[in-house]
Each structure stands twice: as C-alpha cells, then as structure tokens.
Amino acid sequence: MVLSVGTVLVIIGAGLAVGISALGAGIGVGIAGAAAAGVTAVDQDKFGVALVFQALPQTQGIYGLLIAILLLMSTGVLGGGSADVPVSVGLTALGVGIAVGLSGLSAIGQGIAASSGVAVAGRDSEAVGKGLVFSVLPETQAIYGLLVAILLMAFTGMFTGVYTLPAAVGFAAIGSGIAIGFAGLSGIGQGITAGAGIVATARNPDVMGRALIFAVMSETFAIFGLLIAILIMFGIGLFGGA
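Criteria and cut-off values
Residues numbered from 1 in each chain as written. Predicted model: local features only at pLDDT ≥ 70, side-chain atom pairs only at ≥ 80, totals over all residues. Heavy atoms only, no water. Phe/Tyr/Trp six-rings, centres within 6.5 Å; stacked < 30°, edge-to-face > 60°. Helix = DSSP H or I, 4+ residues; strand = E, 2+ residues; numbered from the N terminus. Buried < 20%, exposed > 50% of the residue type's maximum accessible area, 1.4 Å probe, protein only. Core = buried A, V, L, I, M, F, W, Y, C linked by side-chain atoms within 4.5 Å. Contact = heavy atoms within 4.5 Å.

## Examining the packing of aromatic side chains
- Tallying each qualifying case throughout the model produces one aromatic pair.
- Note on Phe-221 and Phe-224: the rings are 5.9 Å apart at their centroids and 85 degrees apart in plane angle, and the pair reads as edge-to-face. Here Phe-221 and its partner Phe-224 are both found in helix H11 (residues 219-235), three residues apart, which amounts to about one turn of the helix.
- The class for Phe-224 is partly exposed, based on a relative accessible area of 47%.

## Considering the nonpolar core
- Core analysis: the largest hydrophobic core is formed by 32 residues, its most contacted members being Ile-67, Leu-71, Val-96, Val-100, Val-148, Leu-152 and Ile-180.
- At the level of elements, helix H1 (5-42), helix H3 (58-74), helix H4 (87-103), helix H7 (139-155), helix H8 (167-183) and H11 are the ones that each hand at least two residues to this core.
- With eight residues, H7 is the largest single contributor of residues to this core.
- Sequence-distant contacts of Val-148, that is, excluding residues within four places in its chain, are made with Ala-99, Ser-176, Ile-180, Leu-226, Ala-229 and Met-233.
- If you look at the next biggest cluster of nonpolar residues, it comprises 11 residues, including Ala-32, Ala-35, Ala-50 and Val-118.

## Some points on the environment of Val-136
- Mapped onto the secondary structure, Val-136 falls in helix H6 (residues 128-136).
- For Val-136, a relative accessible area of 37% corresponds to the partly exposed category.
- Between the C-alpha atom of Val-136 and that of Ala-35, which follows or precedes it by 101 residues, the distance is 17 Å.
- With sequence-adjacent residues up to four places away left out, Val-136 is seen in contact with Leu-56 and Gln-110.

Function-wise, these values are silent; they only describe arrangement.
In structure tokens, the structure reads:
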C-alpha cells in the first residue's frame, strides 16, 4: 500500500491527538486514584463517590480518541479511500492533533483537584458537590482544544471531502493548534488552585466564592490561546471559505 504525504501527516495527527491526551488523562486519573484508594481504605462506602472523582480526568483522553477516529474516518484512512489526501489536509490534521492533544494535558490539573475533592468528600459527604464544581474547572481548557480541532476540520473540508485549500493554510492550522494546545496547559495551574480551594471551602464554606475566583484566574491564559487560534483562522479566511 502506497501512502501519500498527506495521508501520513493525517496519521501522525491522529497519533498526537490520542497519544498526548491519553498521557495527560492517565496521569490525572492516577493522581485522583491514589487519593481514592486511601479514602476507600478508611471507608469502603465511599467507593462510588471516589470512582466519580477518579473518572473526571478520563474525558480528555476520550476527546483525543474521538478526534483521532474522526481524522482517520473523514480522510479515508479507515476505509481505504485516502490516496488523494492533499498535503494541506495532512498539515491541518497535525494542527488538529496538537490542539486536542496538548490541551488534554489539562487532565493532570484536573486529577490534582479531584484528589483533593475525594479526600474531602471522604470526611464530609456534603462536600461532594462543591468538590465536583472545583474539579470540573480544568476541563474547560480541553473543551477549548476540542472546539478548535472541530472548527479546523469543519472549515478545511475534512467533513465533506472537498479539499480546496493551499498548503499554507495547513501550516496556519498548526499555528492555531499550538496556540490553544499550549495555552491549555494552564489547566494544570488551575487544578492546583482548585484543589486548594476545595480544602479551603471544606474548612470554611463561606470562602467558596473567593476560592472560585482564585481558581478561574488561570483560565485567562487558555482564553488568550483560544482567541489567537480563532483569530488565525479568521485572518487566513478560513471562516469565509477561502
């Protein structure tokens, strides 16, 4: 089987999407799971709650898996119709993989927050809801990466199979992926702050609002990355079908 350069780039993009995001999800699940094991060792009735907190960082890996499958299916790698994939589409696939893959490392921060959540919930069942609120905050960085990945695929013709864009657009797509991907790493910092916020709220419920403000500050940088990623797509005329 002879693979075109564009097809090879698509395959690498799919690998980046699921590989990097799964790395982040695995570390995040491991951090939360360690705390969950400690809690259930003391109180086995907390198993269900502990499992919920441990499962939270898994979603980043699911996002990466979803995008990887979409890349392979939309370009015909799955199905044997990938012979005519142009280089521009392959380069775009790299940008897509970088966007959802790197932003998926936010799962590490989510795991840190979830570990605090499960630890507090082990002592106080009424703290479960507040712990979940703080623990889902780092998820937004991964959602931004997922959003940019889907926009890149939609506006470069991957979903329709109509490829009219030059290779330069593919390079620009990589720039969009780098912007939102690296900005998504701010989710690690947000997870650290959110974890501390859970502990602070458990000690004094009245400080929850202020703790949330501290926790969302890190998200500012993810929004910067999202803004630049969208401006790149807008600037090269992607939203206008150029």
